[in-house]
Amino acid sequence: MSSAILQIDLDAVLANWRALDAASGPACETAAVVKADAYGLGADRVAPALARAGVRRFFVALAEEGAALRQTLGEAVDIFVLSGHMAGDTEMIGDLGLTPMLNSLDQVTRHFEALPGAPFGVQLDTGMNRLGMEAGEWAAVAPIVLGAAPRLFLSHLACADEPEHPANAAQLTEFHRLTDGTAVPRSLAATGGVLLGRDYCFDLTRPGIGLYGGAPFAAARPVVRLSLPVVQVREVLAGETVGYGCTWRADEDSRIATVAAGYADGLMRTLSGKGTLWADGTPCPLVGRVSMDLITVDVTHLREVPEALDILCAEQGIEALASAAGTIGYEVLTALGRRYARHYIGGAG
């Protein structure tokens, strides 16, 4: 069974970053979020391309991700850790010059005691109730923390993909209330926040999903193409069934292609009987259940069956596939399996 091919267009990543950078305005720096292995696309290839294009600040979720990124990028960039300074992270943060976004009083205490004078940022909760210090916590430590010169204030919008949602304006107001007059650089906007307008951009934006071709950045260039090899084509007579559970029955004599990918490769089982693959622009329905390593596709209408069928392509991007699976583009990307042969194009900067 030959491997499926996942093609990753680094030039498209760079074009998306430049477009979001332009939207953020000339007075605002544009960072890049490369957590979760650059949303499943390979931080060891994506981050250097972004660095060559001029990105100097990167965000990861965990200190371990920051450690790997430091080894890849060297000392010339800043790496911010969104989970902050967790117990056990001190050596990595200190030795590798990572910048934790402190999320709680406990993290402030840990960082100041373990790494006095080391860089840090502060994450504030403006209404998402996930990470960050609430207003009361922040008020209790603000004089001490401000005296230690934080590198960045950060908060995260809960509903940035819904431009008319009242939470956006409410969080913007709260962020201003907590940070105005501090003279500390500020970041509120990820991809969705950038698209809300420059009032949300402050000093630094940190796009993630938009770099990789996902919503809500509708103008994004597609980044990935996923081609799945056809292992076998068989004739299925009218009345015969295909796959586990016999869930699909042929209404007429059909040709069914068995294709090498399944839920072990990130193709959600919810695509069973709902997904579509493409043969040079022609849609081919996925029939039967998605299994661990294989799916089955109706190719009766094709004059000639190609060696591979595309499930991510110009005709079906990550958001369209996510819609068919009942999920979001983030999950489609981060679920992409390690068995794919990854081919990178472009990315010279």
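Definitions and cut-offs
Residues numbered from 1 in each chain as written. Predicted model: local features only at pLDDT ≥ 70, side-chain atom pairs only at ≥ 80, totals over all residues. Heavy atoms only, no water. 1 Å grid on protein atoms, 1.4 Å probe; cavity = no way out; pocket = protein on both sides within 12 Å on 5 of 7 lines; lining within 4 Å. Points joined across faces, edges and corners; volume = space filled by probe spheres on them. Nonpolar A, V, L, I, M, F, W, Y, C, P; charged D, E, K, R; others polar. Patch = residues over 30% accessible without salt bridge, like charges linked within 9 Å, V, L, I, M, F, W, Y side chains within 5 Å. Areas by Shrake-Rupley, 256 points an atom, 1.4 Å probe, with all protein chains shown as cover. Salt bridge = Lys/Arg side-chain N within 4 Å of Asp/Glu carboxyl O. Lys, Arg positive; Asp, Glu negative; His and termini not counted. Charge placed at Lys NZ, Arg CZ, Asp CG, Glu CD. Helix = DSSP H or I, 4+ residues; strand = E, 2+ residues; numbered from the N terminus. Buried < 20%, exposed > 50% of the residue type's maximum accessible area, 1.4 Å probe, protein only. Core = buried A, V, L, I, M, F, W, Y, C linked by side-chain atoms within 4.5 Å. Contact = heavy atoms within 4.5 Å. Pairing = 2+ DSSP bridges.

*Asks:* Any chance you could break down empty space enclosed by the protein for me, citing the residues and the numbers?
*Replies:* Rolled over the atoms, a probe sized like a water molecule indicates the empty space that remains. Following the criterion strictly, the structure yields one cavity of 30 Å³ or more and no others. Each pocket or cavity is described by its volume, and for the largest cavity that value is around 40 Å³. Considering the residues around the largest cavity, the lining is formed by Leu226, Gly266, Leu267, Met268, Leu271, Ile311, Leu312, Leu321, Val332 and Leu336. Here the lining of the largest cavity is built from residues that sort into nine nonpolar, one polar and no charged.

*Asks:* Could you give me a rundown of a negative patch on the surface, with the residues and numbers involved?
*Replies:* A surface patch of negative charge is lined by Glu235, Glu240, Asp251, Glu252 and Asp253. With respect to the helices, strands and loops of the structure, glutamate 235 is situated in strand E11 (residues 224–236). Take glutamate 235: its relative accessible area is 58%, and that puts it in the exposed class.

*Asks:* Please set out the environment of valine 141 residue by residue, giving values where relevant.
*Replies:* Along the polypeptide, valine 141 turns up in helix H7 (residues 135–147). For valine 141, a relative accessible area of 14% gives the class buried. Distance from valine 141 to glutamate 319, taken between C-alpha atoms, is 42 Å for residues 178 residues apart in sequence.

*Asks:* Hey, could you go over the environment of threonine 173 for me, with residue numbers and the actual values?
*Replies:* Here threonine 173 lies in helix H8 (residues 166–179). Put simply, threonine 173 and leucine 98 are 75 residues apart on the chain and 30 Å apart in space, counted from C-alpha to C-alpha.

*Asks:* Mind laying out the nonpolar core, listing which residues take part and the relevant values?
*Replies:* It is characteristic of soluble globular proteins that their nonpolar side chains tend to be buried jointly. Ranked by size, the top nonpolar core spans 104 residues in total, and within it Leu50, Phe58, Trp138, Tyr212 and Leu228 carry the most contacts. The residues contacting leucine 228, other than those within four sequence positions of it, are Ala4, Val259, Ala261, Leu267, Leu277, Ile295, Glu307, Ala308, Leu309, Ile311 and Tyr340. Val236, Trp248, Ala250 and Ile256 belong to the second largest nonpolar core, which has six residues in total.

*Asks:* I'd like to hear about the sheet that holds strand E6 (residues 99–102), residue by residue, with values.
*Replies:* Strands sit in the order E3-E4-E5-E6-E7-E8-E9 across an open sheet of seven strands; the sheet is parallel. If you trace the sheet from one side to the other, it starts and ends with strand E3 (32–33) and strand E9 (186–187), each paired once. As defined by bridge partners, E3 adjoins strand E4 (residues 57–60) across two bridges and the pair is classed as parallel. The partner of alanine 32 across the bridge, within E4, is phenylalanine 58.

*Asks:* Can you lay out the environment of aspartate 253 for me, pointing to particular residues and giving the numbers?
*Replies:* Relative to the helices and strands, aspartate 253 is located in the loop between strand E13 (248–249) and strand E14 (254–260). Look at aspartate 253 and you get exposed, because its relative accessible area is 51%. In the structure, aspartate 253 is positioned 25 residues away from tryptophan 278 in sequence and 21 Å away in space, judged by C-alpha atoms. Apart from residues lying up to four places away in sequence, aspartate 253 is in contact with Val236, Leu237, Ala238 and Thr300.

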